[in-house]
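# Survey of secondary and tertiary structure
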Amino acid sequence: PAEAAATAAVRCEIPRSMRETILAALLLLTLLGGGKPMGGYQQDERFLDAIADADSFPYWFDDADEPESNPMLVHAETCDLCIVGGGYTGLWTAILAKERDPDRDVVLIEAHEIASAASGRNGGFMDSSLTHGIANAQQRFPDEVGLLEDLGLENLNEIEAAIKRYNIDCDFERNGVIEIASTRHSATYLDELKDDYDQLLEIGHKVEWLDEAAVRKEVASPIFTGGMWCKDTAALVDPARLAWGLKRAAEQLGVRIYEDTKAIGLDYSPGGIVVETPLSKVHAKRVALATNAFKPLLRRMHNYIAPVYDYCLTTEPLTPQQLESIGWKNRQGLSDISNQFHYYRLTADNRILWGGYDAVYFFGGKVNSELESRPETWAKLSQHFFETFPQLEGVRFSHVWGGAIDTCSRYSVFWGQAMRDRVAYAIGYTGLGVASSRFGAEVMLDMIDGRKTPATQTQFVRSKPLPFPPEPFRFIGIQTTRWALNREDKSGKRNLWLRSLDRLGLGFDS
């Protein structure tokens, strides 16, 4: 880990004065843990050749349906509600606000273009879980598990209804997801997955247990050892086209959307909140912040969010023979059950999207477009792909890309208010926000409107995660945790470091 941290320290331009502190701490943890460095990838030309000609931008953007961008804000605006951020949370907030009150005047500003950030860069998995899985809910909100699962399923149903109501063409497929155990993981993980299956079955979800033969019948891989097929709690979607469809729906409802308009400040005034932009201002009675992994506008939120980068690939379209070799006739989403997990799915034109595993934090919480490219991770993912599907040797990847995720210490969205309750925020989804963003928006709007609902009374909504420590301890902690999670995936045992984080309420499990 110390050697890996040294490389990362240079790559992330950590000041020299801090490097010795980081290296000393990681060396001590290495000696205490007795572990091996995190595994890399073999320089196999087959894996490298497969990514050599790939386009380095999201597959979802390679689409003739991409709309023209909206003008930036150059003149002052006045409105009832200003939404900062044009990702899923911001778009859902705009739509729900107008559905509740068609006369409400709503303005949405987006720093870049709709779908250019996380909402257009994810894998398109819609999971009904609001808490990043039932195990995380059981650990953190044991008295609310049933209610939170019901709210999550209701939220997914509402998304499906809205897609139909607004005629959004986004390749929505509700075929469920299979959580996969494989020879890549510790055998103890399969037992933990069985516990999740029993609990989901008990609360009424449609789940099916798949032994080794059954899971390989669904999707043919020589490394699969079992799985759990969640049939009613997950769907697949083209994420960029969903965002563009939500943008169109919001505008049809009367929302004014400005793109290339970054919010650079918030000020309280007797009449409401002033949102400052580079060229103008928005005077709003209420403000909803949906800034995802980008630097929060409220100082109090800075230590709650750590942006991490996730990377993925898509293959060229598979031939009928290649499709036959892997089965996958039910087109479910797939996800590993390990800490360092892969997620994979078929697209509408029968490519395989393959992503995950590495979750990379850059010193100081950097977020910029240069970090969306990471060839070493793409090479590692290519190797893992062909280990999983050796029958697809020779397939090449058409697109490779990356994007930032707004991670928090409890791995699920949290909320808050500021400036005498005129400002509300919803952030921290940690990678499962395609569906839960609508719920996040709904609760944020409830806060803005002063509404009490079953959701707003839960401890899940009323509590916040523990903050992350400042740098350089944040970087040290995240790098050490990645190393420890890698060890756990191989051994099935949580070491002293992970157990300590568990006791502090910072127990990383995904």
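### Describing the environment of Arg241
Structurally, Arg241 can be placed in helix α10 (residues 239–252). Residue class for Arg241 comes out buried when judged on its relative accessible area of 13%. In this structure, the C-alpha to C-alpha distance between Arg241 and Lys217, residues 24 residues apart in sequence, is 32 Å. Beyond its immediate sequence surroundings of up to four residues, Arg241 is in contact with Asp63, Asp65, Ile168, Asp169, Cys170 and Asp171.

### Quick look at helix α7 (residues 145–165)
Its 21 residues place the ends of α7 30 Å apart at the C-alpha level, agreeing with the 30 Å of an ideal helix rising 1.5 Å per residue. Just downstream of α7, Asn167 is the residue with a positive phi angle, here 55°.

### Points about helix α8 (residues 188–202)
Between its first and last C-alpha, α8 extends 22 Å over 15 residues, near the 21 Å set by a 1.5 Å rise per residue. Of the surrounding secondary structure, the elements contacted by the buried residues of α8 are α6 (134–140), α7, β4 (177–182), β5 (207–210), β6 (224–230) and α15 (473–491).

### Some thoughts on the nonpolar core
Core analysis: the largest hydrophobic core is formed by 77 residues, its most contacted members being Met126, Leu242, Trp415 and Phe460. No other element matches the nine residues that helix α13 (residues 433–449) contributes to this core. In contact with Trp415, not counting residues within four places along its chain, are Arg410, Tyr425, Ala426, Phe439, Gly440, Val443, Met444, Met447, Phe460, Val461 and Lys464.

### Describing the side chain of His342
Structurally, His342 is set in strand β14 (residues 342–346). Overall, His342 belongs to the buried group, its relative accessible area being 0%. A polar contact of 2.6 Å, which involves the side chain of His342, links it to the side chain of Asp336. Here His384 takes part through its side chain, which lies 2.8 Å from a polar atom of the side chain of His342. Filtering out sequence-adjacent residues up to four positions away, His342 remains in contact with Arg184, Leu334, Ser335, Asp336, Trp354, Gly355, Tyr357, Leu381 and His384.

Conventions we followed
Residues numbered from 1 in each chain as written. Predicted model: local features only at pLDDT ≥ 70, side-chain atom pairs only at ≥ 80, totals over all residues. Heavy atoms only, no water. Helix = DSSP H or I, 4+ residues; strand = E, 2+ residues; numbered from the N terminus. Buried < 20%, exposed > 50% of the residue type's maximum accessible area, 1.4 Å probe, protein only. Contact = heavy atoms within 4.5 Å. Expected span 1.5 Å × (residues − 1). Core = buried A, V, L, I, M, F, W, Y, C linked by side-chain atoms within 4.5 Å. Polar contact = N/O pair within 3.5 Å; in protein donor to acceptor, adjacent residues only side chain to side chain.

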